[in-house]
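Report on the structure
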Amino acid sequence: LSSSIKLLSTTFSQQSSSSSTIASMNVQEIPVNRAVVLGGGAFGTAAALVLAKKGAQVNVWDLGEAQAKTVNETRENKAFLPGFTIPENITWHHEPAPAMLDAEIVVVVIPSQFLRGFMKTHGSHIPKDVPIVLCAKGIEVSTMMTPYEIVEDTLPKEYMKDIAVLSGPSFAKEVAQGQPTNVVVAAHDQELVKKVQGQMGCQKANFRTYSSDDVMGCEIAGAVKNVLAVASGCSTGLGFGNNTRAALICRGLSEMARLAKAMGSNARAMPGLAGAGDLLLTCSSDLSRNFSVGQRLAQGETPESVLASKGPVAEGVATAKSIHFLAEKMGVEMPICEMVYQVIYEAKPVQEALKELQARPMTVDVEMKTEAA
C-alpha cells in the first residue's frame with residue numbers, strides 16, 4: 001500500500017500544487033433540532049442513530065410503506081440493520097414531503113442507481129438553503145454520472161451551493177454500535193464543509209468528521225472501492241490470503257487514482273479516509289456486501305443467481321458496469337475493475353480472470369507521471 005500512497009503524492013503533484021491549500025479548521029459540533037435521512041437501509045439507519053444521539057428529531061424516509069410501519073411499531077429495522085433499538089426521536093415515513101418538513105440537514109442515502117428517479121419525483125420537497133449530504137457510493141450506469149453530478153443534473157441550480165458529499169470507512173453496523181468512526185465531508189464551498197462537519201460530527205456517537213475539497217475524488221473513490229471489494233471477495237473465496245489482498249488493494253488504489261485524475265480530482269482524497277481508508281475497509285471484511293458478492297462468485301455461484309438475490313444493495317455490481325464504460329470513455333486502464341466486469345456480465349470464470357491479470361506484462365510499480373497497472 002505504501003507504494004500507491006507515494007504515487008498519490010507524486011502523480012498529482014503538479015495538479016495539486018496549483019490548487020489552493022485548505023486552511024486548518026477547528027470545527028465544533030453544531031446542534032441539530034430536525035433532520036431528515038432519505039433512505040431507510042443500513043447506513044441510513046446508522047446515520048439516523050448518529051443524529052438522534054445529538055438530540056435531533058430525525059425523520060427517515062423509506063420507499064416501503066409496510067417497512068416504515070413495521071419499524072415505527074417494533075422500534076427496530078429488522079430488514080436492514082437488525083439488533084438496534086430505534087429511539088423515540090426517530091420516525092420512519094413513507095411520504096417524502098412530510099418527512100422533509102423543516103429539516104435543518106438532508107442526508108441522502110439512496111443508492112446511486114435510484115437517485116435520479118427520486119430527485120426528479122420528489123426533489124421539489126427538499127428544503128432550500130440547508131445542507132444536502134450525499135452518501136451514495138456508485139456511478140449511474142445509464143449516464144456514468146456520480147451522485148453529485150446526478151443531483152446537479154436534476155435539481156434547480158439554487159440547490160447546488162448546499163451540496164456536500166460524505167464518504168469514508170463506515171460500516172453501518174459499527175457506526176450503529178458506536179464504534180469510533182472517522183469520515184470525510186467534501187464540498188466546493190469550505191464554509192459548507194464546516195457546517196456539515198459540525199452537524200454530522202457527534203462525540204456521543206464516536207462519529208468524527210474531517211474536511212476535504214476533493215468532491216470528485218471522494219465520489220470516484222467511493223464508487224471504485226466497491227468494485228475492488230468484489231475482486232477482494234473473489235480472492236478470499238478462492239482461498240488466497242494476505243499477500244494477494246495486499247497486492248489487490250495496492251494495485252486497485254492505483255486504478256482508483258488514475259480514474260480520479262482523469263475525472264478532475266485534485267488527488268487530496270486518494271490517500272485519505274475516502275480513498276485508501278474506505279478501500280482497506282471494504283476489501284478486508286465480509287461485513288461488506290460487495291466483498292460477499294465476490295466470495296459467492298468465487299465459490300461457484302452464478303452471476304445470475306447473485307444478481308437475483310434479494311436484500312441490501314451491493315453497489316459494486318452495477319458500478320462494475322459503469323466503471324467499465326467510464327474507463328473506456330476516459331482512456332484509463334483499470335485491469336482489476338475490468339476483470340470484475342467480465343466475471344459479472346460476461347460470465348468469465350474467476351480463475352481465468354485471475355490468470356489474465358497475472359499474465360499481464362510486468363511493468364513499473366510507481367512512475368512520476370504515468371503508470372500502467
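Computed from a predicted model, the values in this text were never measured in an experiment.

Another aspect to go through is the pattern of salt bridges. Across all of its chains, the model carries 16 salt bridges by this definition. With a closest N to O distance of 2.9 Å, Glu140 and Arg116 form a salt bridge. In this pair, Glu140 sits in the loop between β7 (132-134) and α7 (147-154) while Arg116 sits in helix α6 (residues 112-122), placing the two residues 24 residues apart along the sequence. Close ionic contact of Arg116 with Asp153 constitutes a salt bridge, the shortest N to O distance being 2.7 Å. Here Arg116, found in helix α6, pairs with Asp153, found in helix α7; they are 37 residues apart in sequence, far enough to count as distant. Since its relative accessible area comes to 13%, Arg116 is described here as buried.

So, about the nonpolar core. Counting 75 residues, the largest nonpolar core has Leu38, Val108, Val224, Leu259 and Leu297 as the members making the most contacts within it. The leading source of residues in this core is helix α10 (residues 215-237), at 13 residues. Residues contacting Leu259, with those up to four places away along its chain left out, are Ile220, Val224, Ile323, Leu326, Met330, Val332 and Met334. Judged by nonpolar contacts, the second largest core, of 42 residues, contains Ala42, Ala56, Trp92 and Val107.

The next point concerns the side chain of Asn226. Looking at the secondary structure, you find Asn226 in helix α10. Here the side chain of Asn226 touches Lys225 through a polar contact of 2.9 Å, side chain to side chain.

Let us now look at the sheet that holds strand β10 (residues 207-212). Pairing is mixed in the open sheet, where 8 strands are placed in the order β5-β2-β1-β6-β7-β8-β9-β10. Strand pairing shows two members of the sheet lacking a second neighbour, β5 (90-93) and β10, which therefore form its edges. Pairs of neighbouring strands in the sheet enclose a mean axial angle of 25 degrees, with direction left out of account. Pairing geometry for strand β2 (residues 57-61) and β5, over 4 bridges, is parallel. Residue Val58 lies in a different strand from β5, and its bridge partner there is Ile90. The strands that α10 touches are β8 (163-167), β9 (181-186) and β10; relative to β8, the one it contacts most, it runs at about 45 degrees.

On to the packing of aromatic side chains, then. Within this structure, the stated rule accounts for 3 aromatic pairs. Measuring from centroid to centroid gives 4.8 Å for Trp61 and Phe118, while their planes differ by 55 degrees, and the two rings are tilted. A residue pair is termed long-range when its members are at least 10 positions apart, and Trp61 in strand β2 and Phe118 in helix α6 qualify at 57 residues. Residue Trp61 shares its accessibility class with Phe118, and that shared class is buried.

It is worth spelling out the packing of α10 against helix α12 (residues 273-282) at this point. α12 packs onto α10 with a crossing angle of 20 degrees between their chain directions and a minimal axis gap of 9 Å. The angle between α10 and α12 places the two elements in the roughly parallel class. Crossing angle aside, the handedness with which α10 passes α12 is right-handed. Contacts from Cys218, Ala221, Gly222, Lys225, Asn226, Leu228 and Ala229 of α10 reach α12 at Ala274, Gly275, Asp278, Leu279 and Thr282. For the contact of α10 with α12, the residue count by class is 6 nonpolar, 4 polar and 2 charged.

A separate point is helix α13 (residues 289-298). Most of α13 is tucked away: 7 of the 10 residues are buried. If you check which residues of α13 are buried, you get Asn290, Phe291, Val293, Gly294, Gln295, Leu297 and Ala298. Put simply, Ser288 is the residue that caps the front of α13, since its side-chain oxygen is 3.3 Å from the backbone nitrogen of Asn290. Downstream of α13 by one or two residues, Gly300 has phi in the positive range, about 105 degrees.

Moving on: unusual backbone geometry. In this structure, Arg75 is a non-glycine residue whose phi angle is positive, near 60 degrees. You can see Arg75 is positioned in the loop between α4 (65-74) and β3 (76-77). On the basis of relative accessible area, Arg75 is assigned to the buried category, the value being 16%. Of note, the phi angle at Met144 is positive, near 60 degrees, even though the residue is not glycine. Along the chain, Met144 falls in the loop between β7 and α7.

We now examine the side chain of Glu315. With respect to the secondary-structure elements, Glu315 resides in helix α15 (residues 315-330). It turns out Glu315 is buried and unbridged, and the closest side chain with the opposite charge, Arg289, is 7.1 Å from it. Apart from the residues within four sequence positions on either side, Glu315 is in contact with Pro111, Ser112, Ala136, Lys137, Gly138, Asn226 and Asn290.

Procedures and definitions
Residues numbered from 1 in each chain as written. Predicted model: local features only at pLDDT ≥ 70, side-chain atom pairs only at ≥ 80, totals over all residues. Heavy atoms only, no water. Salt bridge = Lys/Arg side-chain N within 4 Å of Asp/Glu carboxyl O. Helix = DSSP H or I, 4+ residues; strand = E, 2+ residues; numbered from the N terminus. Buried < 20%, exposed > 50% of the residue type's maximum accessible area, 1.4 Å probe, protein only. Core = buried A, V, L, I, M, F, W, Y, C linked by side-chain atoms within 4.5 Å. Contact = heavy atoms within 4.5 Å. Polar contact = N/O pair within 3.5 Å; in protein donor to acceptor, adjacent residues only side chain to side chain. Pairing = 2+ DSSP bridges. Axes fitted to C-alpha atoms, helices over the stretch in contact; angles between N-to-C directions. Phe/Tyr/Trp six-rings, centres within 6.5 Å; stacked < 30°, edge-to-face > 60°. Parallel < 35°, antiparallel > 145°, perpendicular 65-115°, else oblique. Left-handed = near helix turned anticlockwise from the far one by under 90°. Nonpolar A, V, L, I, M, F, W, Y, C, P; charged D, E, K, R; others polar. Lys, Arg positive; Asp, Glu negative; His and termini not counted.

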